[in-house]
Protein chains: 2
Amino acid sequence: MRAEPQDFSRVLSSMCTEPHPVAREAAEAFLATNPGDPGTYQTVAELETDAVDALGEIVGLDDPHGYVASGGTEANIQAVRAARNLAATEDPNVVLPESAHFSFRKAAGLLGVELRTAPVDDDYRVHVDAVTELADADTALVVGVAGSTEYGRVDPLDALADVADDAGALLHVDAAWGGFVLPFTDREWRFDHVDADTLTIDPHKMGCAAIPAGGFLTRSPEVLDALAVDTPYLESTDQATLTGTRSGAGVASVVAALEELWPEGYREQYVRAQNNADWLADALAERGYDVVEPELPLVAADVPPTLFDRLREEGWRISRTGAGELRVVCMPHVTREMLESFVADVDALRRTVSTGD
Amino acid sequence: MRAEPQDFSRVLSSMCTEPHPVAREAAEAFLATNPGDPGTYQTVAELETDAVDALGEIVGLDDPHGYVASGGTEANIQAVRAARNLAATEDPNVVLPESAHFSFRKAAGLLGVELRTAPVDDDYRVHVDAVTELADADTALVVGVAGSTEYGRVDPLDALADVADDAGALLHVDAAWGGFVLPFTDREWRFDHVDADTLTIDPHKMGCAAIPAGGFLTRSPEVLDALAVDTPYLESTDQATLTGTRSGAGVASVVAALEELWPEGYREQYVRAQNNADWLADALAERGYDVVEPELPLVAADVPPTLFDRLREEGWRISRTGAGELRVVCMPHVTREMLESFVADVDALRRTVSTGD
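This one's a predicted model, so the numbers in the text were calculated from it and none came from an experiment.

Cut-offs used in this document
- Residues numbered from 1 in each chain as written.
- Chains lettered and ligands numbered in written order.
- Predicted model: local features only at pLDDT ≥ 70, side-chain atom pairs only at ≥ 80, totals over all residues.
- Heavy atoms only, no water.
- UniProt positions renumbered as here; feature names shortened; annotations may be inferred.
- Helix = DSSP H or I, 4+ residues; strand = E, 2+ residues; numbered from the N terminus.
- Buried < 20%, exposed > 50% of the residue type's maximum accessible area, 1.4 Å probe, protein only.
- Contact = heavy atoms within 4.5 Å.
- Least-squares fit on C-alpha atoms with pLDDT ≥ 70 in both.
- Pairing = 2+ DSSP bridges.
- Axes fitted to C-alpha atoms, helices over the stretch in contact; angles between N-to-C directions.
- Salt bridge = Lys/Arg side-chain N within 4 Å of Asp/Glu carboxyl O.
- Arc of directions from axis to C-beta.
- Lys, Arg positive; Asp, Glu negative; His and termini not counted.
- Polar contact = N/O pair within 3.5 Å; in protein donor to acceptor, adjacent residues only side chain to side chain.

Description of the UniProt feature "modified residue: N6-(pyridoxal phosphate)lysine" (unreviewed entry) in chain A
All names here are of chain A.
Point 1. Here, UniProt's "modified residue: N6-(pyridoxal phosphate)lysine" (unreviewed entry) annotation points to Lys 205.
Point 2. As for its placement among the helices and strands, Lys 205 is situated in the loop between β6 (198-200) and β7 (214-218).
Point 3. A residue is classified by how much of its surface remains accessible, and Lys 205, at 10% relative accessible area, is buried.
Point 4. With residues near it in sequence (within four places) discarded, Lys 205 still touches Met 15, Thr 17, Gly 72, Ala 176, Trp 177 and Met 331.

See the structure below:
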């Protein structure tokens, strides 16, 4: 290739990261395999069972069902699709927090379900009263977020489970990003604490597996059955995934990463990331910016648009929340040195911005 | 990894293959990149533009739009989704041959469109009269196959374009598998011969790129617009893909494979594969089995179920057509030696099957 692969030294915006060396090695070894055709590619199909079992352990599910998806978007679409297919109504709706990932809008458009969006409170968690008010007999799914994309917040999932139960709806927990950091906090988000039906947890985010490695998990084989289509001309007979051919690289790298890192490696990684987030939050607050407290390793701060743009011009890969705040995700590749260099650039540039240079 | 990656020495059922060494190298280099977030992962996003341009050349499209999808299933779903979103009707239908891939059934279930299935003729090509009869003012999409999954047949695409045009529908051509062999035949399937709107062509099949590398192409930017959703918290602003995070490995390997192999490498590969298919077809016909003529490098033969099962027990990865025939796809990894060994096993096993051992 003439092009250089990604330089991560200024990437602060991504929820993906560099895969762990063992995950990379496994991905490379299984690059030519297709778990979408498990009768032909049997070894990687067995590895996928191992991956699902290992993810089940992380999310507190004794008898997990599911698969390694292309990512959180697919897993979220599948949760909505299964709930729609299982719902008795002709006119299904999904009640979700306004903080939910935009993949639910994609899912709603695809699947023809109505989205009912509940506001969040001052600390960015969904108002349960609003969810209760929006849910009705046509509600197929209630969504709770465990580590929101913008502020890393966890919704009151127990209360959402009650609302879903009262409405006869399923509960989906989106822990796409949070799933590999939340085990080391005291927040309740697992199947064994929350009466969830389906869950998204992405190994290619904080799990340090190689892209594409999302995770779709459920406690009910019925959920997978509701997604299955028949598969002629494959050796296997049906397929519950959204895509057909899939990457064995992703699957193998999940198994390798989990064997290497669960739980101690992930714990150490979380502590480093959280310390980095706390350090950055303090540094930005000291400079007079409004900072949203980083409950998980994700910092949002109200940095002026001009400064934001100058930081981008310096090559920093940064993004904005919906409210326009600077958003920095403290992924495993984000070191303290990177953040110190970033803050030094903030200092240098805010002087030129304020003097109009 | 404790497990051994895939052994391809007996894989005759798959439409995937071992990636070309240059494709593998590029995939490994770009393993940690995400073209789903093009503002952050800019290099791989530029490579994707190169990939789409190169695929456009193969399919006869001067100003191609599209992207590298996870595979043919996603590309087919996206064609149905775009057509549905662009159709004026509340009750859209898709008219397709019974030989179309099962991903269209998945798409129909997802998207809530009606499928109207037209029968094929004695040579496995769709009856245009049946398509004409099934199409009406609610038809959003007509599908033609260019290299069918079961028999490698190409539908009369020009005639289908006329039917689509008369119905005010879009025409989608599924060349997922055929797209990298058809350029070396005299069959008309390209955008510059057929008035198609969208097309599926999968580099990770006959293109020798690494999984996941499908291709979704269109002549109209409006088609991509019809698929786009807004993307807060990314540096980019919208996303037309079905998945969110995507594999840069797939994208980079497409560019590398096309630079290395288009057109001469693919031509040589096609000639080898077609010769192998012709050889196998002759060998099976000589042994008294009914063989469907391999117009493209794919052999179907009416081998008895008992023999089929014994071949599987010997480790041959083989699959069946809907009619129950043995189906062998002569992918690049399938050598003459493999086929000779397979036919030797056919000879050995059919004796034991016929004597009841």
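Observations concerning the relation of the copies chain A and chain B
Point 1. When chain A is fitted to chain B, the residual RMSD is 0.0 Å, and the transformation amounts to a turn of 180 degrees plus an axial shift of 0.0 Å. Both copies of the chain, as the preceding transformation shows, are related through a two-fold rotation axis. By C-alpha distance to the rotation axis, the residue of chain A lying nearest is Leu 111 of chain A, at 2.7 Å.
Point 2. Comparing interface residues between copies, 100% of those in chain A also sit at the interface in chain B, which points to an isologous, same-surface contact.

Side note on the sheet that holds strand β1 (residues 65-69) of chain A
All names here are of chain A.
Point 1. If you walk across this open sheet you meet the seven strands as β1-β7-β6-β5-β4-β2-β3, and the pairing is mixed. The sheet is open, and its two borders are formed by β1 and β3 (114-118), each paired with just one other strand. Sheet twist, expressed as the mean angle between neighbouring strand axes with direction ignored, is 20 degrees.
Point 2. With five bridges connecting them, strand β2 (residues 93-97) and β3 associate as parallel partners. Across the sheet, the residue bridging to Asn 93 is Glu 114, located in β3.

Topic: the pattern of salt bridges
Point 1. Applying the stated criterion to the full structure yields 36 salt bridges over all chains.
Point 2. Here Arg 287 of chain A makes a salt bridge to Asp 347 of chain A, at a shortest N to O gap of 2.6 Å. Taken together, the residues Arg 287 of chain A in the loop between α9 (264-286) and β10 (291-292) and Asp 347 of chain A in helix α11 (residues 336-355) connect sequence positions 60 residues apart.
Point 3. For Glu 264 of chain B, the salt bridge goes to Arg 267 of chain B, with nearest N and O atoms at 2.9 Å. Of this pair, Glu 264 of chain B and Arg 267 of chain B both sit in helix α9 (residues 264-286), three residues apart, which is roughly one turn of that helix.
Point 4. Judged by relative accessible area, Arg 267 of chain B falls into the partly exposed class, the value being 37%.

Looking at helix α1 (residues 21-29) of chain B
All names here are of chain B.
Point 1. Where α1 is concerned, the buried positions are Ala 23, Ala 26 and Ala 27. One face of α1 carries all of its buried residues, which in axial projection span an arc of 100 degrees. In α1, those exposed residues whose orientation departs by more than 90 degrees from the buried face are Pro 21 and Glu 25.
Point 2. Considering only its buried residues, α1 is in contact with α8 (248-261).

Examining the side chain of Glu 325 of chain B
Residues and elements named next belong to chain B.
Point 1. Here Glu 325 lies in the loop between β12 (319-320) and β13 (326-329).
Point 2. The side chain of Glu 325 is buried and forms no salt bridge, while Arg 327, the nearest opposite charge, is found at 8.8 Å.
Point 3. A polar atom in the side chain of Glu 325 sits 2.7 Å from the side chain of Thr 321.
Point 4. If we ignore the near neighbours within four places in the chain, the residues touching Glu 325 are Tyr 124, Tyr 151, Val 292, Ala 300, Ala 301, Asp 302, Ser 319 and Arg 320.

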